[in-house]
Amino acid sequence: MIDARDVLTRAHREEWARVVATVAKRFGNLDTAEDAAAEAFATAAEHWPSDGIPPNPGAWLTTTATRKAIDRIRRESTRDARHREAQLVYDTEAEALGVINDDRLRLFFICCHPALGIEARVALTLRMVGGLSVPEIARAFLVQETTMGARITRAKAKIAAAGIPYRVPAADDVQRRVSGVLAVLYLIMNEGYLASGPDTAPVRDDLTGEAIRLTRLLHELLPEDGEVTGMLALMLLTDARRVARVSSAGELVPLADQDRGQWSAAQISEGHALVRERLASGMAPGRYQLLAAINAVHTDGDAPDWAQIVALYDQLVELDSSPIVRLNRAIAVGERDGLDVGLAQIDTLNDKLQQYHPYHAARADFLRRMGRAPASRAAYEAAIGLAGNTAEVAFLTRRRDEVGE
Amino acid sequence: MQYLVNVIDSRSESGTAEEAVAIDAFNEKLQAGGHWVFAAGLADPTTSTLVDGRGAEPVFSDGPFVEAKEWAAGFWIIEAPDLDVALKLMAEGSRACNRRLEVRPVLSPPA
């Protein structure tokens, strides 16, 4: 027998964004759409277990949400003027060429609009597209529920008052706006993968799972976009190592020491396939595709091919010559050409990366392997002082203690 | 909808002749596209006067009402169907006047 709760959980995961997006389009208001979707799912939770599961749960939910929205608007008809004021600008004219005309895509773009603060973009995306509840999002970002609720309410109010449109951007803007959506998804992933804070679990698989799910949806909507494909591959190849990345003692395990048997073979094979797909396209890769390719090399065979990794970082530096990219390239150069060569390159970044703990951690590791104990110890101290992730602090502390004086 | 666009500046009367030419060209484009409502440059904030007419007698005093490192050196009011259109236009406006801009929605009149 099919359990109605399982079906409902699945429908929530798969249909929430579509229900919100459809109602938002019809009624021109995100607030109405969010409330109506929540009411529709509550009604389903009440009726499905006793009345049975409708043949098409998605359609049932959309229809129910639409009715709920109409009820709500009737109830609030006295506030007609206010409602009209909060209408989303919805464009029914021709959309950007080659872009899928899907309301969920509009939902992504409106939630990740650059006119909203980055924290609001993250919260709104998780709520409207991801369907997470306000308490869930508040817990994920370690803020009070009321604070998170206010953040989402303010963002919706700004969308309505400032006239942020519910639209797929024009062709000449779409790439930049997709980058904006990807930046939000990457932030969610990294908050899960590199969780910071003394009382936080070192890896937050609720957030990494959500980031992957949202990116998968975006990839479904924009299958031809190389950077979206690259981002999905990057997340899969990163998340594949999640279990192996933290030891049973709660300590970070560096890539080279991880038990590869613990990696998720399914995620790695999917990630590799996506990277191969982009390579086969013959198009110049963007930033996320290069990062995905680097992770593909790291997860291929028994030991990474450092020459290939350096070559990929060379391409990445062309696109983004930030000190962090140069640090990662210098580390790869050290592995390829010798630790002293790498260290010399790392040291050139001293002024720019003083406050960046991976800089000190990389120096500490190179100095330790070169037998320069006192300098290594000092670098570990600096890294520990700046690192926020509990597993990373535990790992760095043990290494520092092993180095000795 | 209408948007007020403030031109952000930190130096008094610092506009140049080249900027003025570029702004004129941009304004013509706004007018041609039906986006133009109004625009003007503003004198330095130190020239402003505060008015308080709430009491029995009006009180006048030396302005500005907020001392700030940056202020509005001018403004546009534009007409645009939505924020994306407004932002795209004003990205050009920012380039023309060589200043950062603040785009702020004007409240629509009560229905």
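The rules behind these values
- Residues numbered from 1 in each chain as written.
- Chains lettered and ligands numbered in written order.
- Predicted model: local features only at pLDDT ≥ 70, side-chain atom pairs only at ≥ 80, totals over all residues.
- Heavy atoms only, no water.
- Contact = heavy atoms within 4.5 Å.
- Buried area = accessible area lost by both parts, 1.4 Å probe.
- Salt bridge = Lys/Arg side-chain N within 4 Å of Asp/Glu carboxyl O.
- Polar contact = N/O pair within 3.5 Å; in protein donor to acceptor, adjacent residues only side chain to side chain.
- Nonpolar A, V, L, I, M, F, W, Y, C, P; charged D, E, K, R; others polar.
- Helix = DSSP H or I, 4+ residues; strand = E, 2+ residues; numbered from the N terminus.
- Buried < 20%, exposed > 50% of the residue type's maximum accessible area, 1.4 Å probe, protein only.
- Domains from an automatic or database assignment.
- Pairing = 2+ DSSP bridges.
- Axes fitted to C-alpha atoms, helices over the stretch in contact; angles between N-to-C directions.
- Phe/Tyr/Trp six-rings, centres within 6.5 Å; stacked < 30°, edge-to-face > 60°.
- Lys NZ or Arg CZ within 6 Å of the ring centre and 35° of its normal.
- Parallel < 35°, antiparallel > 145°, perpendicular 65-115°, else oblique.
- Core = buried A, V, L, I, M, F, W, Y, C linked by side-chain atoms within 4.5 Å.

A.B. asks: How would you explain the interface of chain A and chain B if you had to name every residue and give the values?
C.D. replies: Taken together, the contact pairs 15 residues of chain A with 11 residues of chain B. Together, the buried faces of chain A and chain B total about 920 Å²; carbon and sulfur atoms form 52% of this surface. At the boundary of chain A with chain B, the tally comes to three salt bridges. Between Asp 172 of chain A and Lys 88 of chain B there is a salt bridge, with its nearest N and O atoms 2.8 Å apart. One can count six residue pairs in polar contact (both at pLDDT 80 or more) joining chain A with chain B. Class assignment of the residues belonging to the side of chain A that touches chain B gives a composition of seven nonpolar, two polar and six charged.

A.B. asks: Explain the pattern of salt bridges to me, using residue names and the numbers behind them.
C.D. replies: Residue and element names in this part refer to chain A. The full count for this structure, using the stated rule, is 39 salt bridges over all chains. Put simply, Arg 72 and Asp 35 hold a salt bridge, and the shortest N to O gap is 3.3 Å. With Arg 72 in helix H3 (residues 57–75) and Asp 35 in helix H2 (residues 30–51), this pair connects stretches of sequence that are 37 residues apart. A relative accessible area of 17% places Arg 72 in the buried class. Overall, the relative accessible area of 27% leaves Asp 35 in the partly exposed class. When salt bridges with common partners are traced through the structure, they connect Glu 251, Asp 257, Glu 335, Asp 365, Arg 368, Arg 369, Arg 398, Arg 399 and Glu 402 into a single cluster.

A.B. asks: An account of the domain arrangement of chain A is needed here, citing residue identities and associated values.
C.D. replies: Residues and elements named next belong to chain A. The assigned domain composition of chain A is domain 1 (4–85) and domain 2 (102–222). Measuring from the centre of the C-alpha atoms in domain 1 to the corresponding centre in domain 2 gives 20 Å. Counting from both sides, the interface comprises 15 residues of domain 1 and, opposite them, 15 residues of domain 2. On the domain 1 side of the contact with domain 2, Trp 16, Leu 30 and Glu 34 bury the most area, a combined 39% of that side's loss. Between the two partners, domain 1 and domain 2, sit four salt bridges. The interface formed by domain 1 and domain 2 includes seven residue pairs in polar contact (both at pLDDT 80 or more). Top contributing element to the side of domain 1 that touches domain 2 by residue count: helix H1 (residues 4–27), with 10 residues.

A.B. asks: Now, about the sheet that holds strand E1 (residues 2–9) of chain B: what can you tell me, with residues and values included?
C.D. replies: Residues and elements named next belong to chain B. Read across the open sheet, the four strands follow the order E2-E5-E1-E6; overall the sheet is antiparallel. Both outer strands of the open sheet, strand E2 (36–41) and strand E6 (100–105), are each paired with one neighbouring strand and no more. The average undirected angle you get between the axes of adjacent strands in this sheet is 20 degrees. In terms of strand pairing, E1 meets E6 through six bridges, oriented antiparallel. Its bridge partner lying in E6, Ile 8 is registered against Arg 100. Where helix H1 (residues 17–32) meets the sheet, its contacts fall on E2 and strand E5 (71–79), and the angle it forms with E5 comes to roughly 25 degrees.

A.B. asks: Before we move on, can you summarise the packing of aromatic side chains with the specific residues and values?
C.D. replies: Using the criterion set out here, one finds five aromatic pairs over all chains in the structure. Note on Phe 26 of chain B and Trp 76 of chain B: the rings are 5.5 Å apart at their centroids and 85 degrees apart in plane angle, and the pair reads as edge-to-face. Of the two residues, Phe 26 of chain B sits in helix H1 while Trp 76 of chain B sits in strand E5, which places them 50 residues apart along the sequence. Its end group placed over the ring of Phe 366 of chain A, Arg 369 of chain A keeps NZ or CZ at 5.7 Å from the ring centre.

A.B. asks: How would you summarise the packing of helix H6 (residues 118–129) of chain A against helix H9 (residues 171–193) of chain A if you had to cite specific residues and measurements?
C.D. replies: Residues and elements named next belong to chain A. Across the interface, H6 lies against H9 with an axial gap of 10 Å and an inter-helix angle of 80 degrees. Taken together, the axes of H6 and H9 lie roughly perpendicular to each other. Within the contact between the two elements, H6 uses Ile 118, Arg 121, Val 122, Thr 125 and Leu 126 and H9 uses Val 184, Leu 185, Leu 187 and Ile 188. For the contact of H6 with H9, the class distribution of residues is seven nonpolar, one polar and one charged.

A.B. asks: I'd like to hear about the nonpolar core, residue by residue, with values.
C.D. replies: Core analysis: the largest hydrophobic core is formed by 113 residues, its most contacted members being Leu 107, Phe 108 and Leu 218 of chain A together with Trp 76 and Ile 78 of chain B. Of the residues that make up this core, three or more belong to each of domain 1 (4–85) and domain 2 (102–222) of chain A. Residues in contact with Leu 107 of chain A, not counting those within four places in the same chain, are Ala 17, Val 20, Ala 21, Leu 30, Met 128, Val 129 and Tyr 166 of chain A.

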